[in-house]
Amino acid sequence: MNVKVSFLLATLLTAPLLASPVNASPTSSYQINKGTSVRQRLAQIRAMMNRGNYTAAKAALKKMMNGNLNSQLARDMYAECETAIEQQQEAIKLEFDEACESESKWELESFIRKYPNSQYTKEAREQLADLVLWQQATTLNTIEAYQRYLSKTSVFAYTQAANTKIKELKEEETRRQMEQDWRLIKDAGDESALSEFMKKYPQTNYLDQIKKRLNILRGIRCYKQGDASSAYSYLSAANEQEPLTGEAATYLKELQAERDYEEIAESNDIDRVKYYLNALSTSSPYYNKACNLYAILLAKQLSSSSVDYDYQLALSYVKDEATRTVVTSYINVAKVQRSTYVHRRKVLDRKQWWRTNLQVGIEGDFETNLSDNIGSDMFYSGGLMIRFGSYQQVVSMTAGAKFRVFMVNPNLGGTNRHGEDERWNVLGYAVGVPVNVRFNVARLSTRSRFFIGGGIEFGVTTIEKEKNKGVMNKSYMAYYPQIGVLSPNFEMTLYWKTYAPAPFSKNITSRGNIYDCKSMIGASMSIFF
């Protein structure tokens, strides 16, 4: 049941009981005459109960029942007193609890005045004393006041609150002291003072500022002492928290530039060095060093394929004589390599030219005179040929030496007019030297060309048959137009050859002078290796 509701019910039930003090003596105000009858005594006790003095009534009833009074009415009245007293105690306890919970000095004092003899009065007085001590402590609101409360109280109702206040006041005192100490050292250049502050106040809100300030001071100190590595570590750490300004920023910029150059100086990546150099200001103390480094890397890349432009480019970045000496040495090596390369290239080109434009092969041909008036003549030859120029060029030429056989059959039918068999006669042999010039005028395929051209042939008779002495001239000359097909290793040619002078000088047959052989049609085939 709700405490408020219980209190209201108890008040209604005990309203007549609360008119007199609960702990009043049963005989002090309500003496019962022993000479009265039992009925009269019970009536007097009822009157006491009506006035709310249940404790005195209970005592009187108990005394009567101890005298062997056997009365049901007395027993009922006694039980009624016990119930009423219990209700009174519950109501008093409720008032006591409410007075304590109210944390009101007036409520506690009122309870004590109202119930000076209750079982809760002593505790109420203690609660009142505890409340007075607490109010004094909160009024002063000092660590000492709260500590005094804790040392004097016997109730400890506000112990947790007192400890909380003490902690808060100590933290506030620490904070005020920290602020005061911080104002004294924040702009100072004392590393030890900042370190001590950080140790003394490890939870300070200024921890990041202290760390940054310490990094700046240590970085500047290391920079001035020549410890570039430590100085860079401290200053870069401070810069990560917040961009530096002033002296520290200048030092960090110098250190960063030095580290960038050292990193580049260890690199052999010419593109990376070039990018670094292009981004570098000409006023930088590392500009000339970077130029020299780039010049050396350019010089190291020189080779047999390098030209004067490459040499001059490397020299254009040189900034001192020592570097010029190094670069020049690389250039000289590259020039020697190039000279060797050019010589080898020329030799190879010449070899390639000769391989491409000079070929040796063999050639065979035959010529015939098909005129019915003069009989049938067949000239055969074979020998070595040399070709100048390839099928891919516009002009090519061939020359060589061939052994030629001259054969004639004066009678086309194979017999003379007397019916006598008259076979082919070999008149003699000669060595001829042909020279041909051709023009490649059309492409037949990727590896063949059609050509037109002309040639001359000079010949010398080497052997003349004994039975035909006087027929062969000692030498002959011929010229001829020609057409044909040319490929890398093969040629086929058609020509019309005119002799002047002819190979023969006179007639030895029965049909007159038939050995003039002024014009011959012929064909040749050549294979080149």
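I will try to describe carefully the structure that is included in this document.

### Regarding the overall build of the chain
Line of reasoning, step 1. Helices and strands together make up the secondary structure of the chain, namely 16 helices and eight strands.
Line of reasoning, step 2. Here the chain holds 529 residues, and the buried ones make up 38% of them.
Line of reasoning, step 3. Within the chain, counting contacts between residues at least 6 apart in sequence, those at least 24 apart form 58% of the total.

### Here we look at the pairing of strand S7 (residues 490-499)
Line of reasoning, step 1. The side-chain alternation of S7 yields one buried face, formed by Glu491, Thr493, Tyr495, Lys497 and Tyr499, and one unburied face, formed by Phe490, Met492, Leu494, Trp496 and Thr498.
Line of reasoning, step 2. Judged from the seven bridges that link them, strand S6 (residues 475-486) and S7 form a sheet pairing that is antiparallel. Residue pairing in the sheet places Gln482 in a bridge with Tyr495 of S7.
Line of reasoning, step 3. Connecting S6 to the antiparallel partner S7 that follows it, the hairpin turn spans three residues.
Line of reasoning, step 4. Bridge count for S7 against strand S8 (residues 519-528) is nine bridges, and the pairing is antiparallel.

### Details of the nonpolar core
Line of reasoning, step 1. By size, the foremost hydrophobic cluster in this structure holds 24 residues, and its most contacted members are Val273, Tyr276, Tyr294, Leu302, Val327 and Ile331.
Line of reasoning, step 2. Every element with two or more residues in this core is listed here: helix H12 (246-265), helix H13 (270-279), helix H14 (287-300), helix H15 (308-316) and helix H16 (321-357).
Line of reasoning, step 3. No other element matches the eight residues that H14 contributes to this core.
Line of reasoning, step 4. In this structure, Tyr294 is in contact with Ile270, Val273, Lys274, Leu277 and Tyr317, ignoring residues within four places of it in sequence.
Line of reasoning, step 5. The next biggest cluster of nonpolar side chains, apart from the first, holds 22 residues, and it includes Ile92, Leu133, Trp134 and Ala145.

### Observations concerning empty space enclosed by the protein
In this approach a probe as big as a water molecule rolls over the atoms, and the regions it shows empty are the leftover space.
Line of reasoning, step 1. Counted according to the given criterion, the structure contains two cavities of 30 Å³ or more.
Line of reasoning, step 2. In this model, the largest cavity occupies a volume close to 120 Å³.
Line of reasoning, step 3. As for the largest cavity, its lining consists of 16 residues, of which Glu363, Asn436, Tyr480, Gln482 and Ser524 are closest to the centre.
Line of reasoning, step 4. Mapped onto the lining of the largest cavity, the elements with two or more residues apiece are strand S1 (358-369), strand S3 (395-409), strand S4 (425-445), S6, S7 and S8.

### Side note on helix H6 (residues 121-140)
Line of reasoning, step 1. Spanning 20 residues, H6 covers 29 Å between terminal C-alpha atoms, matching the ideal 28 Å at 1.5 Å per step.
Line of reasoning, step 2. For H6, every residue scored as buried is listed here: Thr121, Ala124, Gln127, Leu128, Asp130, Leu131, Leu133, Trp134 and Ala137.
Line of reasoning, step 3. Those residues of H6 hidden inside the fold are in contact with helix H4 (72-102), helix H5 (105-114), helix H7 (143-152) and helix H8 (159-185).
Line of reasoning, step 4. Two residues or fewer after H6 comes Asn141, characterised by a positive phi angle close to 50°.

### A short note on the packing of H12 against H13
Line of reasoning, step 1. At their nearest, the axes of H12 and H13 sit 10 Å apart, and the two run at 155° to each other. Classified by the interaxial angle, the pair formed by H12 and H13 is roughly antiparallel. Considering how the two elements wind past one another, H12 and H13 form a crossing that is left-handed. Listed contacts from H13 to Ala257, Asp260, Tyr261, Glu263 and Ile264 of H12 are Arg272, Val273 and Tyr276.
Line of reasoning, step 2. Taken together, the residues of the contact of H12 with H13 break down into five nonpolar, no polar and three charged.

### Brief notes about H16
In an α-helix, one full turn covers 3.6 residues, which means residues spaced three or four apart are oriented alike.
Line of reasoning, step 1. The terminal C-alpha atoms of H16 lie 51 Å apart, and with 37 residues this matches the ideal 54 Å at 1.5 Å per residue to within 8%.
Line of reasoning, step 2. For H16, the complete set of buried residues consists of Thr323, Val327, Ile331, Ala334 and Asn357.
Line of reasoning, step 3. The N-capping residue of H16, defined by a side-chain oxygen 3.4 Å from the backbone nitrogen of Ala322, is Asp320.

### Remarks on unusual backbone geometry
Line of reasoning, step 1. Across the junction of Ala500 and Pro501, the peptide omega takes the value 0°, indicating a cis bond.
Line of reasoning, step 2. Position of Pro501 among the secondary structure elements: in the loop between S7 and S8.
Line of reasoning, step 3. Backbone geometry places Asn141, a non-glycine residue, at a positive phi of 50°.
Line of reasoning, step 4. Assignment of secondary structure puts Asn141 in the loop between H6 and H7.
Line of reasoning, step 5. What makes Asn141 partly exposed here is its relative accessible area of 35%.

### What about the side chain of Glu491?
Line of reasoning, step 1. With respect to the helices and strands, Glu491 occurs in strand S7.
Line of reasoning, step 2. In this structure Glu491 comes out as buried when scored by relative accessible area, which is 2%.
Line of reasoning, step 3. Within the structure, the side chain of Glu491 is placed 2.9 Å from the side chain of Arg387, a separation counted as a polar contact.
Line of reasoning, step 4. Once residues lying within four places of it in the same chain are set aside, the contact partners of Glu491 are Arg387, Thr398, Arg438, Val485, Leu486, Ser524, Met525, Ser526 and Phe528.

### Comments concerning the packing of aromatic side chains
Line of reasoning, step 1. In this structure the tally under the stated criterion is 17 aromatic pairs.
Line of reasoning, step 2. Centre to centre, the rings of Phe197 and Tyr201 are 4.8 Å apart; their planes meet at 55°, and the pair counts as tilted.
Line of reasoning, step 3. Given the relative accessible area of 5%, Phe197 is considered buried.
Line of reasoning, step 4. With relative accessibility at 6%, the residue Tyr201 sits in the buried group.
Line of reasoning, step 5. Here the aromatic rings of Trp353 and Trp354 are separated by 4.8 Å at their centres, their planes lie at 90°, and the arrangement is edge-to-face.
Line of reasoning, step 6. Of the residues examined, Trp353 reaches a relative accessible area of 44% and is grouped as partly exposed.
Line of reasoning, step 7. For Trp354, a relative accessible area of 44% translates into the label partly exposed.
Line of reasoning, step 8. A cation sits over an aromatic face here: Arg387 above Phe528, 4.5 Å from the ring centre.

Here is what the cut-offs are and how they apply
Residues numbered from 1 in each chain as written. Predicted model: local features only at pLDDT ≥ 70, side-chain atom pairs only at ≥ 80, totals over all residues. Heavy atoms only, no water. Helix = DSSP H or I, 4+ residues; strand = E, 2+ residues; numbered from the N terminus. Buried < 20%, exposed > 50% of the residue type's maximum accessible area, 1.4 Å probe, protein only. Contact = heavy atoms within 4.5 Å. Pairing = 2+ DSSP bridges. Core = buried A, V, L, I, M, F, W, Y, C linked by side-chain atoms within 4.5 Å. 1 Å grid on protein atoms, 1.4 Å probe; cavity = no way out; pocket = protein on both sides within 12 Å on 5 of 7 lines; lining within 4 Å. Points joined across faces, edges and corners; volume = space filled by probe spheres on them. Expected span 1.5 Å × (residues − 1). Axes fitted to C-alpha atoms, helices over the stretch in contact; angles between N-to-C directions. Parallel < 35°, antiparallel > 145°, perpendicular 65-115°, else oblique. Left-handed = near helix turned anticlockwise from the far one by under 90°. Nonpolar A, V, L, I, M, F, W, Y, C, P; charged D, E, K, R; others polar. Polar contact = N/O pair within 3.5 Å; in protein donor to acceptor, adjacent residues only side chain to side chain. Phe/Tyr/Trp six-rings, centres within 6.5 Å; stacked < 30°, edge-to-face > 60°. Lys NZ or Arg CZ within 6 Å of the ring centre and 35° of its normal.

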